[in-house]
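Structural characterization, general
Residue-level listing of the chains:
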Amino acid sequence: MWRWINKVGRSRRERRLARRASPTFYIPMFIELLKKIGWAITTLIGVSLIVFILLYMLPADPARTVAGERADPATIAAIRHQLGLDRPLPVQYAYFVRDIMTNNLHSYRNNDLVMSAIWRRFPATLELALAGLAIWLIVAIPLGLLTAKYSGSVFDRASLFLGLIAISIPAFWLGRIFQHYLGYQWGLFSVGGGGANLWSLPLPALTLGFAGAAYYARLLHSNLGSVMNQNYIRSARARGVSEAKVLSKHALRNAIIPVIAVLGLDVASLLSGLIFTEKIFAWPGIGSLAIDSILNLDVPMIMGTVLFSALMVVVANILVDVAYIFIDPRLRQSK
Amino acid sequence: MAQAPTEMAAEIELIPAATQSTFWRRFRRHRLAQVGMVLVGLLILTALFASVIAPHNPQELLKTGISNTGQPHPPGAGFLLGADSLGRDIFSRVIFGTRISLLVAMIAMFTSVILGTTVGLLGGYFEGWVDILLTRFTESVMSLPTILLAIALFVVLPGDSSWQRLFKLLLAISLVTWTGIARAVRGVTLSLKKREYIEAARALGCSHDRILFKHLLPNVMPTVIVMATLAVAQNILLEAGLSYLGQGVDPSVASWGSMIKDGEPFLLAAPWMVLVPGIAIVLAVTGFNLLGRAMEETLEPRR
Amino acid sequence: MIMRFWGNARQKYFCTIVIFFVAIFITGCARQPRPPRILMLSAQSDVSWLDPAKAYDTSSIPFVRILYRGLVDYGDGANIVPAVAARWKISPDGKTYTFYLRKDARFQFDQNGNQPGRRVTAEDFRYSIERILDPATASDGMTFYYNIAGAQKWSEERSKPSTKVLSDHVPGIVVPNDDEIIFHLNYPDATFLNYLAMPFVYAVPQEWVEKLDRAGETLNEHPNGCGPFQMKEWIHDRKLELVKNRYYYDPALPKCDRIIDTFGGDDVLHLMRFELGDIDIQNLEDAAPPDFMRMTDSAKWQPYTQHAPMMDIRYVALNCEMKPFDNKLVRQAMNYAIDKSTFTRFLGKRIEVAHGVLPPGTPGYNPQLKGYDYNPQKAKVLLKQAGYPNGFTVTLWYSPTAVEWYGKAAQLIQADLAKVGVTVNLKAVTYAELKTAAGKRHNIQMSLMGWLQDFPDPSDFLDVLFNGEKITDTSSNNRAFYNNPKVNKLLDAAGIETDQAKRLKLYQQAEKIIVDEAPWIFLLHTERYVVHQPWIKGYALHPMWSARYEYVEVDK
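Residues numbered from 1 in each chain as written. Chains lettered and ligands numbered in written order. Predicted model: local features only at pLDDT ≥ 70, side-chain atom pairs only at ≥ 80, totals over all residues.

Some words on the overall build of chain A
Counting its secondary structure elements, chain A contains 13 helices and zero strands. When the helices and strands of chain A are placed in sequence order, the string is α-α-α-α-α-α-α-α-α-α-α-α-α. When burial is assessed residue by residue, chain A has 44% of its 335 residues classed as buried. Within chain A, contacts between residues at least 6 apart in sequence are counted, and of these 70% link residues at least 24 apart. (Helix = DSSP H or I, 4+ residues; strand = E, 2+ residues; numbered from the N terminus. Buried ≥ 20, exposed ≤ 12 C-beta atoms within 10 Å, placed from the backbone. Contact = placed C-beta atoms within 7 Å.)

What follows is the structure, given as C-alpha cells:
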C-alpha cells in the first residue's frame, strides 16, 4: 500500500515539472503582472493628485521663500511667474508631473534637485529597511514555528503577551531608549550620526525590527495553527514524511502566504517606522529627508519624498504579488 | 503597525443575535480580554476623573520642580513621578495626558469608522466602477506612510489656537486611518453579498438603502468593532508621534508624545521624564490591542 | 539542516538568536577608525550656502570665510587687520579708501580645475563687489555697499531690464592696476572697513563664475577662492569636506589638514557623539541644564570649555502699528509682566537679562539703563489704564528650530502673561516663515526673535532695528514697525557724525527713549559656551566669527 501512495506522489511531481517546462505556463502569470502594473500606475497617479491638492493648500508663499528676504514685490512677482504659480491648477499639475519625470524639481531650501536628492539617499533607506526586515524574519519565523509546535504552553502564551506589548511600543521612544542606554551609557553599539555605514546600523535596525518581529511571529503562529489541521498535512504525516519536512515543506509554505501578503501591505508601516528611526539616529535616508522637508515646508521636496514612498510601497506590493504567484500553486491558473 | 490581516477579517462568521450572549461569555473568559478590559477600564477612569486624581495642575510651573541649576526634581517628596524641566509635575501631566490621548483616539476612531465603513460598504455592495474608483482611492491613500500623511495634513491645514489645533489633529488622524477599515469592510461585504438572503432581498425588490442598512450593516459590525478597537490603539500611537514632532496639541498641554520630546535632553539626568510617558503609551496601546485581539479570537470560527 | 534544528528545538532557537545578536554586538562595538589630523565637526542641518554672495547665516559663514579671502579681516578681536590687502590708506575727509594688494594670493583652481589658480588682482575685488550689487545675484548684502559712489544707481539700473545700461562699472570703484583698488564713498562711514571684512565681497574669479554659468553649474557647488581651505566634497545634508590649500599665501596656516562636517541629528545626539569622541567641537547653547553643568563644572571637561558674549539681543517684537500694541502703556505692561529670572534658572550662565537693546561690550553700552523689572501688579495697573482691564488675546509667532530654548521661552512667556490676564496663542513656524511674516507690515502682533551683531557698533542695532525710515512694507528689519521722529533724527545725526564720543552719546539718548517706549519685550543677551576635545589646540571663540578654523590644530 505504501508503494502505491508513493507512486501517486511521484507522478504528481512529474506532472508538475512537465507543466513548468512549457512556455504557455507562464503567460497567465505575465498577464497578471501587467494588470498589476497597470493598477500600480493608477495608484501612483492618485497619490500624485492627492499630494498636489494637499500642498496647494499650504499657507506659505513659495515665491517669497525662493526670492529671499530683501526682494521687492516686482522680483517676487517675477519669481511667481517663473515657478508657474500664477497659472490655473490643472496647468500647474501638468508642470508638476513633467518636472518630476525630468528631474527638474528644485528644492526651496538650497536649489538642490529634488529627485537627485531622493535618489542619493535611497540606498541608505534601502539598507536600513532590509536590515529591519531581516530582523523581523529571522526572529519571527523560528519563533512562529516554535510557538506553533509548543502551542498552548507557557512559552506560547508568554510570547503572545510579550508580542502584543512589543507592537504597542512607540518607535521613537524605543529608538531613544536604545540609543541612550545601549549606545551611550553602556557603549554597546554606535549611537548613530556618522552616516549610513555598517557601524551605525545595529541600533536603528533593532528599533525597526523590534515591533515587526513580534507581530509576524504571532501571525505565522496562527496561520500555522490553522494549516496544521488540514487534511494534506495529516496525509503527509500518515505517509511517513518526517515532522521536520512536514513543517518546513508543507505547512510553512502554505502558512507563509498570508504573511507575505501582509508584508506587502506592511511596507507602508515599515516606512512609517523608518521615519522616526532615521530621524533619531540621523540616518541619512529618505525618511529623515521627508520629515525635515515637511517641518521646513519645502514643498517640492515634500512632494518628491511622498511620491517616492508611495512608489516604494507600490513596487513592494508588486514584488510581493509576484512572489505570491510563485509560492502559491493555487494562484498559478488565471481566474 | 498594520491592522489584522484582511483575510482573517473576511473569514469572521456572522453572529446571529442568539449567540451574542455566548460571545460575551467566551469573551469574558478569554485571558487576553480580561487584561485588556482592566487596562482600558483604568484608562477611561483616569481620563474621566483626572482632575480628582492628579495632585497638581498639569500646566503649572512649580517653583520646587526645578533646582536653581535647572535639575528637575526626581520622584519623591511632592512629585510622585518626578518633575519636568519647567517644574511641572509629571504624574499630573501623565494623568491629564490620558484625556488627550483617549479623546483624540476615540473621536478620530469614530470619524474614520464612519468614513471607512461607508467606503467599504458602498464599494463592496455596488461593485462595478463605483468599487473600482473607491478601491483605487483607498489604495492611493494606503500607499502613503501614515505618519507622513498625518504630519503633512496637520501642517497644511490652517489654525493656531488650542481648539483649532485639536480639530486639525483629529482631522489629520481620521483621514489617515480609515483605509484599513474600508478594506476590511469591503472584503466582508463582498462575501456577505453571496449569501442567499441578500439575493432573496434583492429579488423581493428591497431598495438598496434597506439592504445596506438593515441587512449588511449589522452583519458587518463585528468586523468593524474589531477594527475600531485596533484603530484606537493605532490612533494613540499616531497622536503620540505627532505631538512628539511638535505637530499636535499646544506644547504646554500635557500630551504623552510631547512629554517624551521634552524629556529627551534629560535622559541622563532625569530619565523619568522620558520613561514615564513612554510606559503610559505602552500600557494604553497594549490595552486596546489586547481587547482587539481577544475580540478577534472569540469571533473566529472554531478550529 | 532543518532536521538537526528540531533536535532540541527551544535551546537551538535561543542559541541562534543569541549568536545573531552577539554578532551584531561585535560589529556594532568596533569603533570606526579615525584618520589623524582631521577636524571632525557636526551640525544639525546642512550648510546653506558656500557662495560668498549668499552666505549670511552662522552655518555658512565659518566655512565661506576659510574658502575665500577678502581685502581685510578681523584680527584676534574686533580689530581690522590686512588680508589680501597688505596695507591701505584713508583720505582725511574719510571718503576715499585706497588698498594695496599683496602679490602672492592665488585662487585655488585655474580655468581647467588644476591647482594652483592665477593670482588674485584688484579687478577680482571689483568684480566681487559688482556681483553683490547686481540684483540678479539676489544677495542679502546688496544694500550694504550703496555708500560707494554710484553703486546704488548702478544696481537699480540693472533691476529694470528696460533701461539702457549706462555704465559698465561702478564709478566709485577705481582699479588703476593689478595691485591697487580705490573706493570713493558718498559720505564718510567709520564702518566701511567692517563691511569690507564681510564675506560678501571676498574675491571671486570672474572667468570661473562665467564658465560655471555657461555649463549650468553654480559657484555654490564649485567654490574657488584664495582661502586656507579648499572644498573636497559636499554631499548635501550629509557631509562637507574641506582640505588644506597648499598654495595659501600664509604658509603657517591652516593648522590642520582636513575638516569634515557631518550633518543631521539633533542636539541630544551631538552631545552624545561629542562625549564618545566622534566630534571635536560642540557648542553648549542648546544643552540641557544638567548636561551644561556637567560640561562646564566637572573636572573632566571644564578645562576645555570656553565662553564669550554672543553680542546679541533676544526680544519679542510688539507691532506698534497694530492693536493692542499701538498703545505705549500696553507695551510697557508686557515688559513688567515677564519674569526673566526663570530664564536664568534653566539657561544658567548662558544668558544675561537684558535691560536695553545693546549687549554689554558694544561701544556705547549704557550700564545705567534700568529697563523693566518683574512687576505683575504694575502690569495689571497699566493694562487697566490703557483700557484693557480684562486683558486681551494675541498670537505669538516663534521658531522652535531657530534656537532650542525658544520653545520653552514661548511657553514661559505664555504662562507669565496669562497671570496678568493676557491670553497668548503660540504659533510655531519655520525660521524662514517667521522672517517673512515678521517683515511684512500689518501682519503679526508679536514675534520672538533675535539679532546678532554684524560688527561691534550701536548703529548695527539701533539704526537697523528702530529707525522709522527703514521700515519697508515687505521685509522690514524694524520688526516692531516703530517710528518715532525724535528717535529717527537722533539716529540719522549719529550716522553722519564723525566724532566717536558724540556719536555714542547720540545713540545712548536714542536707546533711552526706545527702552522707555518699549516697542519690544527686552529679554536676554546670550553667552556662547563651547567645549572641545582635549586633543584640540588653538581653538578660540571670536567676537565676529563664530570660529576661525584655520587656527585649530588636531593632535590626534
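And the narrative resumes.
What to know about the overall build of chain C
Scanning chain C from terminus to terminus reveals 17 helices and 20 strands. Taking 24 Å as the expected radius of gyration for a compact globule of 556 residues, we find that chain C reaches 27 Å, a close match to that expectation. Taken along the three principal axes of its C-alpha coordinates, chain C extends 95 × 70 × 50 Å. Expressed as a percentage of its 556 residues, the buried residues of chain C come to 46%. Considering only contacts within chain C whose residues lie at least 6 apart along the sequence, 68% involve residues at least 24 apart. (Rg over C-alpha atoms; globule rule 2.2 N^0.38 Å.)

Let's talk about the nonpolar core
One finds Val306 of chain A, Ala150 and Ile151 of chain B together with Val316, Leu318 and Leu396 of chain C to be the most contacted residues of the largest nonpolar core, which totals 309 residues. Tallying contributions element by element places helix α10 (residues 208–244) of chain B first for this core, with 16 residues. Beyond its immediate sequence surroundings of up to four residues, Leu318 of chain C is in contact with Phe325, Arg331, Met334, Met446, Ala480, Pro519, Trp520 and Ile521 of chain C. (Core = buried A, V, L, I, M, F, W, Y, C linked by C-beta atoms within 7 Å.)

Some words on the pairing of strand β17 (residues 446–452) of chain C
Residues and elements named next belong to chain C. For strand β13 (residues 312–318) and β17, the ladder comprises seven bridges, and the chain directions are antiparallel. Note on β17: the bridge partner recorded for Arg314 is Gly450. Sheet topology places strand β15 (residues 393–398) next to β17; two bridges connect them, and they run parallel. Within the sheet, the bridge partner assigned to Trp397 lies in β17 and is Ser447. (Pairing = 2+ DSSP bridges.)

As for the pairing of β15 of chain C
All names here are of chain C. As paired strands, β15 and strand β16 (residues 423–428) are joined by six bridges and run parallel to one another. When the bridges of β16 are listed, Trp397 appears paired with Lys427. You can see the chain leave β15, run along helix α13 (residues 406–419) and come back into β16, and the turn it takes is right-handed. (Right-handed = clockwise from strand over helix to strand, strands pointing away.)

Quick notes on the confidence of the model for chain C
All names here are of chain C. Put simply, chain C has an average pLDDT of 86, and 93% of its residues get 70 or more. A low-confidence stretch, residues 1–7 (pLDDT under 50), is modelled with eight contacts involving residues beyond four sequence positions or located in other chains. Reported confidence for the predicted complex is 0.84 by ipTM and 0.81 by pTM. (pLDDT = per-residue confidence, 0-100.)

A word on helix α14 (residues 431–439) of chain C
Within α14 of chain C, seven of the nine residues are buried, which leaves the element mostly enclosed by the surrounding structure. Of the residues making up α14 of chain C, those classed as buried are Ala432, Glu433, Leu434, Lys435, Thr436, Ala438 and Gly439 of chain C.

So, the sheet that holds strand β8 (residues 229–235) of chain C
Residues and elements named next belong to chain C. Read across the open sheet, the four strands follow the order β1-β10-β9-β8; overall the sheet is mixed. This sheet does not close on itself; its edge strands, each paired only once, are β1 (38–43) and β8. Across this sheet, the average inter-strand angle for adjacent strands is 15°, counted without regard to direction. Taken together, the five bridges between strand β9 (residues 239–244) and strand β10 (residues 258–263) define a ladder with antiparallel strand orientation. In the strand pairing of β10, Glu241 is matched with Ile260. (Axes fitted to C-alpha atoms, helices over the stretch in contact; angles between N-to-C directions.)

Digging into the environment of Trp397 of chain C
All names here are of chain C. Here Trp397 is to be found in strand β15. For Trp397, a count of 24 C-beta atoms within 10 Å gives the class buried. Between the C-alpha atom of Trp397 and that of Leu448, which follows or precedes it by 51 residues, the distance is 6.3 Å. Beyond its immediate stretch of four places on either side in the chain, Trp397 contacts Lys427, Val429, Leu434, Ala437, Ala438, Ile444, Met446 and Ser447.

With respect to helix α12 (residues 286–295) of chain A
Of all the 10 residues making up α12 of chain A, nine are buried; the element is thus mostly covered by neighbouring parts of the structure. Phi for Leu297 of chain A, located one or two positions after α12 of chain A, is positive at around 55°.

Considering the environment of Asp416 of chain C
All names here are of chain C. As for its placement among the helices and strands, Asp416 is situated in helix α13. Of the residues examined, Asp416 has 22 C-beta atoms within 10 Å and is grouped as buried. Between the C-alpha atoms of Asp416 and Ile338, which are 78 residues apart in sequence, the distance is 5.7 Å. Contacts of Asp416, omitting those with residues within four sequence positions, involve Ala337, Ile338 and Asp339.

Details of the confidence of the model for chain A
Reading fine detail from the predicted coordinates is not recommended where pLDDT is low. On average, residues of chain A carry a pLDDT of 74, and 63% of them reach 70 or more. Mean pLDDT per element in chain A: helix α3 (residues 62–67) of chain A is the minimum at 57, and helix α8 (residues 171–185) of chain A is the maximum at 90.

Some thoughts on the packing of helix α16 (residues 485–496) of chain C against helix α17 (residues 500–517) of chain C
Residues and elements named next belong to chain C. Contact pair α16 / α17: the axes reach a minimum separation of 9 Å and the direction vectors enclose 160°. By the angle between their directions, the pair α16 and α17 is classed as roughly antiparallel. With respect to the hand of their crossing, α16 and α17 are arranged in left-handed fashion. Taken together, the residues of α17 that come into contact with α16 (itself represented by Lys486, Val487, Leu490, Leu491, Ala493 and Ala494) are Arg503, Leu506, Tyr507, Gln509, Ala510, Ile513 and Ile514. For the contact of α16 with α17, the residue count by class is 10 nonpolar, one polar and two charged. (Parallel < 35°, antiparallel > 145°, perpendicular 65-115°, else oblique. Left-handed = near helix turned anticlockwise from the far one by under 90°. Nonpolar A, V, L, I, M, F, W, Y, C, P; charged D, E, K, R; others polar.)

Some thoughts on the packing of helix α5 (residues 90–126) of chain B against helix α6 (residues 128–143) of chain B
Residue and element names in this part refer to chain B. Contact geometry of α5 with α6 gives a least axis separation of 7 Å together with a crossing angle of 140°. Here α5 and α6 pass one another in a crossing that is left-handed. Contact residues: α5 offers Val119, Leu122, Gly123, Gly124 and Phe126, while α6 offers Gly128, Val130, Asp131, Leu134, Thr135 and Thr138.

With respect to unusual backbone geometry
Residue and element names in this part refer to chain C. Between Leu253 and Pro254 the backbone carries a cis peptide bond, its omega angle lying at -5°. Within the element layout of this structure, Pro254 appears in the loop between β9 and β10. Cis peptide bonds are those with omega within 30 degrees of zero, and the linkage from Lys323 to Pro324 qualifies with -10°. Checked against the element boundaries, Pro324 lands in the loop between β13 and α10 (328–337). Of note, Arg37 is a non-glycine position whose phi angle comes to about 55°, a positive value. Here Arg37 is to be found in the loop between α2 (9–29) and β1. Not every positive phi belongs to a glycine, and Phe481 is a case in point at roughly 50°. When you line up the elements, Phe481 lands in the loop between α15 (459–466) and α16.

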